[in-house]
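Summary of structural features
The lines below spell out each chain.
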Amino acid sequence: MLRSLSTLTLLLLTTLTASAQPKAETVTSKGGVVVCVSPPAADVGLNTLKNGGNAVDAAVATAFAMSVTWPEAGNIGGGGFMMIAAPGKDPTCIEYRETAPAAAKVDLFADAKVTWLNHKAAGVPGTVRGLARAHKKYGKLEWKLVVMPAVELAEEGFTVNAALAVGLNRVLADRLTTNAAFKQTYGKLDGKPWKVGDTLVLKELGRTLRLIAEKGADAFYTGELAGLLEKEMKAEGGLITRTDLEAYKANERKPIHTTFRGYDVYGPPPPSSGGVALAEMLNILETFDLKKHSRWSPEATHLMIETMKRAYVDRARHLGDPDYTKIPPELTTKDYAKKLAATIDMRKATPSADLAPEITLDKVSDSTTHFSVIDKDGLAVSNTYTLENSYGNRVVVRGAGYILNNEMTDFNARPGLTTRLGGIGTKPNQIAPGKRMLSSMTPVIVLKDGKPVLITGSPGGRTIINTVLCVVLNVTEYGMTVAEAVSAPRFHHQWFPDVARFEGVKDFPELVTKLKPLGHSVTEARQGDAHSIGIDPKTGLRTGAADKRLDGKAVGE
Ligand code: GLY
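Below or above, wherever it landed, is the structure these notes cover. Everything numeric in this text was worked out from a predicted model, so none of it was measured.

Rules used in this analysis
Residues numbered from 1 in each chain as written. Predicted model: local features only at pLDDT ≥ 70, side-chain atom pairs only at ≥ 80, totals over all residues. Heavy atoms only, no water. Near = heavy atom within 4 Å. Polar contact = N/O pair within 3.5 Å; in protein donor to acceptor, adjacent residues only side chain to side chain. Areas by Shrake-Rupley, 256 points an atom, 1.4 Å probe, with all protein chains shown as cover. Nonpolar A, V, L, I, M, F, W, Y, C, P; charged D, E, K, R; others polar. Pairing = 2+ DSSP bridges. Helix = DSSP H or I, 4+ residues; strand = E, 2+ residues; numbered from the N terminus. Axes fitted to C-alpha atoms, helices over the stretch in contact; angles between N-to-C directions. Parallel < 35°, antiparallel > 145°, perpendicular 65-115°, else oblique. Left-handed = near helix turned anticlockwise from the far one by under 90°. Contact = heavy atoms within 4.5 Å. Phe/Tyr/Trp six-rings, centres within 6.5 Å; stacked < 30°, edge-to-face > 60°. Buried < 20%, exposed > 50% of the residue type's maximum accessible area, 1.4 Å probe, protein only. Lys NZ or Arg CZ within 6 Å of the ring centre and 35° of its normal. Salt bridge = Lys/Arg side-chain N within 4 Å of Asp/Glu carboxyl O. Core = buried A, V, L, I, M, F, W, Y, C linked by side-chain atoms within 4.5 Å.

1. Topic: the site of the ligand
Looking at the ligand, the residues that line it are Arg97, Thr368, Thr386, Glu388, Glu407, Asp410, Ser439, Ser440 and Met441. Within the side chain of aspartate 410, an N or O atom sits 2.8 Å from a nitrogen atom of the ligand. At a separation of 2.7 Å, an oxygen atom of the ligand approaches a polar side-chain atom of serine 439. Coverage of the ligand by the protein chains reaches 98% of its 200 Å² of free accessible surface. Classifying every residue of the shell around the ligand by side-chain character gives 1 nonpolar, 4 polar and 4 charged.

Written out as structure tokens, the structure reads:
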């Protein structure tokens, strides 16, 4: 039945080209390129390269700048993963995920008063230590020089653009936003909505960043700033103490590596699930002749959805902080992928509930941000960091001016309670003191013959891994340019809910019609924000592709 659909497939491909996804905005250069969601932060990254910095300096400067200019996810109060690939060296990962405070209990969220907006939802922030660790080992410029552009943006102010105005107005108008310091910091003085062209000044955040610029990361974890966070926590019943802050360490970890059709794909290791799940999915898909089916054929889509489900079951079953949980090494092997591939039936979808009979099912914004950098020498950086929800828990630390994450909600909130709606209660990712919560962040670097050809990643909670899968496959399997790969519609299945979410469902009526009889439920949802760089292996030309689903800017030397 499926084989008779090639005409339909061609039709779908044509329809797709004309689909409503915003086109990526591109820049091409033989020199350095920076791509991120926030235009002033992209400019900071580019200026850092022009001032003699390398890609790591530019990434660190961009990350600090985004803590000012993209407050919904750019941060110093959160955490993330930075992948670094230096020419001729094995790629590495700086992991700066938040940790559970020492006082956190496994059933923290059993108390109905502890919601994602609570001070207790905050993990011990990792960003400042992570950026400092990356900079110390891999950067070239003086630390102060990479932090000061953020200080200047915060103290002198910067111009609000449409994406920021929409985000700020939405969060400020939401009745769930109650923290007085948040409203005072991000509200307009006259109480009116933000407009494009307004100037946002963040004096307190500027002072905090200045302390970090002058005294280094210790200023955040041991000095006056640590005292301010502890005071904030004590005042509001939060858990983080000065001792938690002092104990925080960022790690350098070996990335997850797999091969796919001759490409080397590197992603972050646990405590992110991204690298493992992406490798598992690519390994499964490599066993099929995907290209025989076009990108938007029911066959390729069915195979991808079935693959996604299987990887997400393993995510729930096995993945968590590797310092607390033993993760089976076979998950990323080709043999294991072959076994899973053999369980995929081309004629019908496997119901999600059948994939993990041992996990008892109960009845009952994903705001992160990614940026990509490459410098003139080919040093590549792929960084994803987050506050968890947009604007984290919507709390600004009084006196310090930064927004706190609510990353504790990335732990399995209710032990033992795995639900058909997508709640996961399995053991590997349950809360324990000092443990890192499981992430889906998937900053990726793809190499061909030892040289980077694609730097990508995305926000989007659990959808992140599938957004990255779509972009990587679009380039490596389907030969799309990076701009086409970023603009193309994406889809996501995460095991539960047993539904595939598609961008632009209305553009694919025939595809949806063909998927339903196979047993797939399909719904519509926008997905991800994948600011990426593609590098032509023949010419070395770099193309930065800013994903315009939200906003974004690609700049080049
Ligand atoms: N908070 C999003 C993630 O780490 O996956």
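2. A few points about the sheet that holds strand 18 (residues 522-524)
Reading across the sheet, the 3 strands line up as 16-17-18 and stay open at both edges, with mixed pairing between neighbours. In the strand order of this sheet, the two ends are held by strand 16 (491-492) and strand 18, each with one partner.

3. Details of the packing of helix 12 (residues 274-286) against helix 16 (residues 463-476)
Where helix 12 contacts helix 16, the axes come no closer than 10 Å and their chain directions differ by 45°. Considered as vectors, helix 12 and helix 16 are oriented oblique to each other. Considering the relative orientation of helix 12 and helix 16, their crossing is right-handed. Contacts between helix 12 and helix 16 involve Gly274, Ala277, Leu278, Met281, Leu282 and Leu285 from the former and Ile465, Asn466, Val468, Leu469, Val472 and Leu473 from the latter.

4. Overview of the packing of aromatic side chains
The tally for this structure, following the rule as stated, stands at 10 aromatic pairs. Between phenylalanine 220 and tyrosine 402, the ring centres sit 5.1 Å apart and the planes meet at 45°, which makes this aromatic pair tilted. Accessibility expressed as a relative area gives 2% for tyrosine 402, which makes it buried. Among the aromatic residues, those joined into a ring-pair cluster are Phe220, Tyr221, Tyr248 and Tyr402. Across from the ring centre of tyrosine 263, 4.6 Å away, lies the NZ or CZ of lysine 448, which sits over that ring.

5. Focus on the pattern of salt bridges
The full count for this structure, using the stated rule, is 32 salt bridges. Put simply, Glu95, Arg253, Asp323 and Arg436 are held in one network by salt bridges that share partners.

6. Description of the nonpolar core
Core analysis: the biggest nonpolar cluster contains 90 residues, and Leu469, Trp495 and Phe502 have the highest contact counts within it. Non-local contacts of leucine 469, meaning those with residues more than four positions away in its chain, are made with Leu278, Met281, Leu282, Leu285, Met304 and Met308. Core analysis: the next-biggest nonpolar cluster, separate from the first, contains 87 residues, Trp70, Leu164, Leu225 and Leu229 among them.

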